[in-house]
Amino acid sequence: MRLIDGVGDEVVPAAVLEADEDGRITYSGPAEGAPAPRPGVRTVDGRGGTLLPGLFDSHTHLGVASDRSLVEVAFLTDPVIADLRTAERLRLTLSAGVTSARDLGGLPAGFRDAVGMGLIEGPRLRTSVGVISHTGGHADGTLPGGRDLALDYCVLADDVPGARLAARRMLRAGADLVKICTSGGMTSARDDPDDQDLLDEEVAAVVDEASRHGGRPVAAHAQGLPGILAALRGGVRSIEHGFGIDDEGCDLIGERGAFLVPTLATAFQPLDPAKMPPWKYEKKLRWNERTKANIAKAIARGVNIAAGTDAGSTPHGHNAYELWCLVELGMSPMDAIKAATANSARLLGVGDVLGVLRPGYLADLVLCTGDPLQDITVLGTPDNIALVAQQGVIRKHTPPVPERSF
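What comes next concerns the included structure. Bear in mind that the values here come from a model prediction, so they are computed numbers and not experimental data.

**Structural notes on the sheet that holds strand 17 (residues 393-397)**
Phase 1 of the analysis: Strand order across the open sheet formed by five strands is 1-5-15-16-17, with mixed pairing between neighbours. Edge positions in the sheet fall to strand 1 (2-3) and strand 17, since each has one partner strand and no second.
Phase 2 of the analysis: One ladder, built from five bridges, connects strand 5 (residues 49-53) with strand 15 (residues 365-369); its direction is antiparallel. Counted as the bridge partner of Pro 53 is Leu 365 from strand 15.

Laid out in C-alpha cells, this is it:
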C-alpha cells in the first residue's frame, strides 16, 4: 500500500505501519526493512490502497441535520430522537474517515464526553457548544414577528460586559473553544456577510475571557472583510469561512499565526432558487464566485488553511468533498490532504499526537481504495474508505481488504 504521512511531500509506495498495544505508531515507512509482525498481532493487508492519517473536519455542526430546519429541530422533534440522530451523524462522519472534528455550534459537551468514554462511536471532538452573536446578528434565533427560537446554542451579547458574560456561559457549559460571529451571514435573513457583527472591543473581551480560562482559542464566523479584520485584530485563532478575505486579511493571518477554514463545500453547492428563500438565493448568487476568487488567492499566497465543511449546511458523511473543493481552487492534492490532517491537528492543538503517521503519534488512520493524489475525489466517496482506526482500534473495516494474524 501507499503511505502519505500527512506532513511530508514524499509518498512511500510500498509501506508498512505498526502500532503498539497503546495505539501509538512504532514504525511507519518502507516495507523493505520493516520489523517483523509481533506474534498474535492483528494485521490488515492494504495492498492497492493508500494509508493516510485520520481526517479532521475543523468546522462541522453535528447537532444539526442537513435535511431539517432549525425550527423543525427546535419545536417538532422529541429531544431523545434528536440525540439519537446526532449519535448517528457521529457514526456516519467517522465512517467517512473523519477521526477528529471541531463542532462550532449545536453540539453539547456531553457528546464529546460520551465519545471519549466509549459510550458511542464518533470522531474525537472539540466543541464550542454554542455561538455568541449580537441582537439581530447572524446567530440570533428570533423569528420574524419576534418569536424567539430559544435555541440552546446562541447567546446574544451587545456590549463588552455582555460579551464577557456570554463567553463565561459557554465555558461553563463545557466548551473547548469559544465561537463568535464578527460578520453577518448567508443563512441569516436580516444581515449581510459584509456587515460587522461583534465590535472590536467585544471580540477582544471574548478572546481575553477564553485565554484566561485555560488558554482556550476563539473561532470567528467571519464571511465579509470587515468581520474578518475585526476578528484578527481581536486575536482569534481561526477565521471561519473568510469569503471576503483580501491581502490585508491574509497578511494578518500570517502575522498572528491564525488559520483560515474556508468551508468551500458551501460555495460549491448547486444553486436552486426553488430550494431556498429569495434573500438567501440572492446572497449566495452574489457571493459564490466572489468567494471562490478570494479563497483561490489565499491558497496561492500559502495562507494557513485547515479543512472544514460546515456540515449541517452541507451533507454529513461526505466531509472529504471539501478536499476536492480546495484542489479546484488551486491547492495541490497533497496540500489538501495536509489541510485535513496535520494542519487541522495544529489548529485543534493536537499536532503533537495526531494528524501525522510517524512513530510516537497515535494511530488514527484511514485506508482508502485508489490513490487520492491522482484523484482527490476518492476520499470524498464514503464507499472508498476501506478502514478507519482511532488509536489503533479499528472502527470500520470493509472488504475486500484482507486481514490476517501472525
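**Re the packing of aromatic side chains**
Phase 1 of the analysis: Applying the stated criterion to the full structure yields two aromatic pairs.
Phase 2 of the analysis: Here Phe 268 and Trp 324 contribute two aromatic rings whose centre-to-centre distance is 5.4 Å and whose plane-to-plane angle is 75°, an arrangement assigned as edge-to-face. A residue pair is termed long-range when its members are at least 10 positions apart, and Phe 268 in the loop between strand 14 (259-261) and helix 8 (278-300) and Trp 324 in helix 9 (residues 321-328) qualify at 56 residues.
Phase 3 of the analysis: On the numbers, 5.4 Å between centres and 20° between planes, the contact of Tyr 321 with Trp 324 is stacked. With Tyr 321 and Trp 324 both in helix 9 and three residues apart, this pair spans about one turn of that helix.
Phase 4 of the analysis: Within the aromatic cluster, the residues linked to one another by ring pairs are Phe 268, Tyr 321 and Trp 324.
Phase 5 of the analysis: Here the guanidinium or amino end of Lys 292 rests over the ring plane of Phe 268, the centre of that ring lying 4.3 Å away.

**Some remarks on the nonpolar core**
Phase 1 of the analysis: Membership of the largest hydrophobic core comes to 74 residues, with the highest contact counts inside it found for Ile 132, Ile 180, Val 236, Leu 260 and Leu 379.
Phase 2 of the analysis: If we ignore the near neighbours within four places in the chain, the residues touching Val 236 are Ile 180, Val 203, Val 207, Val 218, Ala 220, Ala 231 and Ala 258.
Phase 3 of the analysis: Membership of the second largest hydrophobic core comes to 15 residues, among which are Met 1, Ile 25, Leu 357 and Ala 363.

**Brief notes about the state of the cysteines**
Phase 1 of the analysis: Considering all chains together, one arrives at zero disulfides under this definition.
Phase 2 of the analysis: In this structure Cys 181 is not part of a disulfide, and its nearest cysteine sulfur, from Cys 154, lies 7.3 Å away.
Phase 3 of the analysis: A disulfide-free cysteine, Cys 368 has its sulfur positioned 17 Å from the sulfur of Cys 325, the nearest such atom.

**Points about unusual backbone geometry**
Phase 1 of the analysis: Residues other than glycine seldom take positive phi values, yet Val 129 does so here, at roughly 65°.
Phase 2 of the analysis: Unusually for a residue other than glycine, Thr 263 sits at a positive phi of about 45°.
Phase 3 of the analysis: Note on placement: Thr 263 falls in the loop between strand 14 and helix 8.
Phase 4 of the analysis: A relative accessible area of 0% means that Thr 263 is categorised as buried.

**As for the packing of helix 4 (residues 160-172) against helix 5 (residues 200-212)**
Phase 1 of the analysis: Relative to each other, helix 4 and helix 5 sit at 35°, their axes nearing to 8 Å. When you trace helix 4 past helix 5, the crossing you get is right-handed. Across from Val 160, Ala 163, Arg 164, Ala 167, Arg 168 and Leu 171 in helix 4, the residues of helix 5 making contact are Glu 201, Glu 202, Ala 205, Val 206, Asp 208, Glu 209, Ala 210 and Arg 212.
Phase 2 of the analysis: When its residues are assigned to classes, the contact of helix 4 with helix 5 shows seven nonpolar, no polar and seven charged.

**Section: the sheet that holds strand 8 (residues 124-127)**
Phase 1 of the analysis: Read from one edge to the other, the open sheet built from three strands follows the order 6-7-8, with strand pairing classed as parallel. Of all the strands in the sheet, just strand 6 (55-60) and strand 8 have a single pairing partner and so form its edges. The mean inter-strand angle of the sheet, taken between neighbouring strand axes irrespective of direction, is 15°.
Phase 2 of the analysis: Note that strand 6 and strand 7 (residues 98-103) share four bridges and pair parallel. Bridged to Asp 57 within strand 7 is Ala 101.

**Brief notes about a nonpolar patch on the surface**
Phase 1 of the analysis: Among the surface-exposed residues, Val 80, Ile 81 and Leu 84 lie close enough to one another that they form a single nonpolar patch of about 270 Å² accessible area.
Phase 2 of the analysis: Looking at the secondary structure, you find Ile 81 in helix 2 (residues 79-95).

**Topic: the environment of Phe 259**
Phase 1 of the analysis: Position of Phe 259 relative to the elements: it lies in strand 14.
Phase 2 of the analysis: C-alpha of Phe 259 to C-alpha of Ala 307: the two residues are 48 residues apart in sequence and 10.0 Å apart in space.
Phase 3 of the analysis: Excluding residues that lie within four positions of it along the chain, Phe 259 makes contacts with Arg 237, Ser 238, Ile 239, Ile 253, Asn 304, Ala 306, Asn 343, Arg 346 and Leu 347.

**Things to note about helix 7 (residues 247-256)**
Phase 1 of the analysis: Of all the residues in helix 7, the buried ones are Gly 249, Cys 250, Leu 252 and Ile 253. Viewed end-on, helix 7 has its buried residues packed into an arc of 160°, placing them on one side of the element. Pointing more than 90 degrees away from the buried face of helix 7 are the exposed residues Gly 254 and Glu 255.
Phase 2 of the analysis: Summarising the contacts, the buried residues of helix 7 are in contact with helix 6 (225-234), strand 14 and helix 8.
Phase 3 of the analysis: Near the N-terminus of helix 7, the side chain that reaches the backbone nitrogen of Glu 248, with its oxygen 3.1 Å away, is that of Asp 246.
Phase 4 of the analysis: Gly 257 sits one or two positions beyond helix 7 and adopts a positive phi of about 65°.

**Describing the pattern of salt bridges**
If charged atoms from side chains of opposite charge come close, those side chains can pair.
Phase 1 of the analysis: Within this structure, the stated rule accounts for 24 salt bridges.
Phase 2 of the analysis: In this structure, Arg 212 engages Asp 208 in a salt bridge whose closest nitrogen and oxygen atoms are separated by 3.4 Å. Taken together, the residues span about one helical turn, with Arg 212 and Asp 208 both in helix 5 at a distance of four residues.
Phase 3 of the analysis: Given a relative accessible area of 48%, Arg 212 falls into the partly exposed group.
Phase 4 of the analysis: We classify Asp 208 as partly exposed; its relative accessible area is 30%.

About the thresholds
Residues numbered from 1 in each chain as written. Predicted model: local features only at pLDDT ≥ 70, side-chain atom pairs only at ≥ 80, totals over all residues. Heavy atoms only, no water. Pairing = 2+ DSSP bridges. Helix = DSSP H or I, 4+ residues; strand = E, 2+ residues; numbered from the N terminus. Phe/Tyr/Trp six-rings, centres within 6.5 Å; stacked < 30°, edge-to-face > 60°. Lys NZ or Arg CZ within 6 Å of the ring centre and 35° of its normal. Core = buried A, V, L, I, M, F, W, Y, C linked by side-chain atoms within 4.5 Å. Buried < 20%, exposed > 50% of the residue type's maximum accessible area, 1.4 Å probe, protein only. Contact = heavy atoms within 4.5 Å. Disulfide = S-S within 2.5 Å. Axes fitted to C-alpha atoms, helices over the stretch in contact; angles between N-to-C directions. Left-handed = near helix turned anticlockwise from the far one by under 90°. Nonpolar A, V, L, I, M, F, W, Y, C, P; charged D, E, K, R; others polar. Patch = residues over 30% accessible without salt bridge, like charges linked within 9 Å, V, L, I, M, F, W, Y side chains within 5 Å. Areas by Shrake-Rupley, 256 points an atom, 1.4 Å probe, with all protein chains shown as cover. Salt bridge = Lys/Arg side-chain N within 4 Å of Asp/Glu carboxyl O. Arc of directions from axis to C-beta. Polar contact = N/O pair within 3.5 Å; in protein donor to acceptor, adjacent residues only side chain to side chain.

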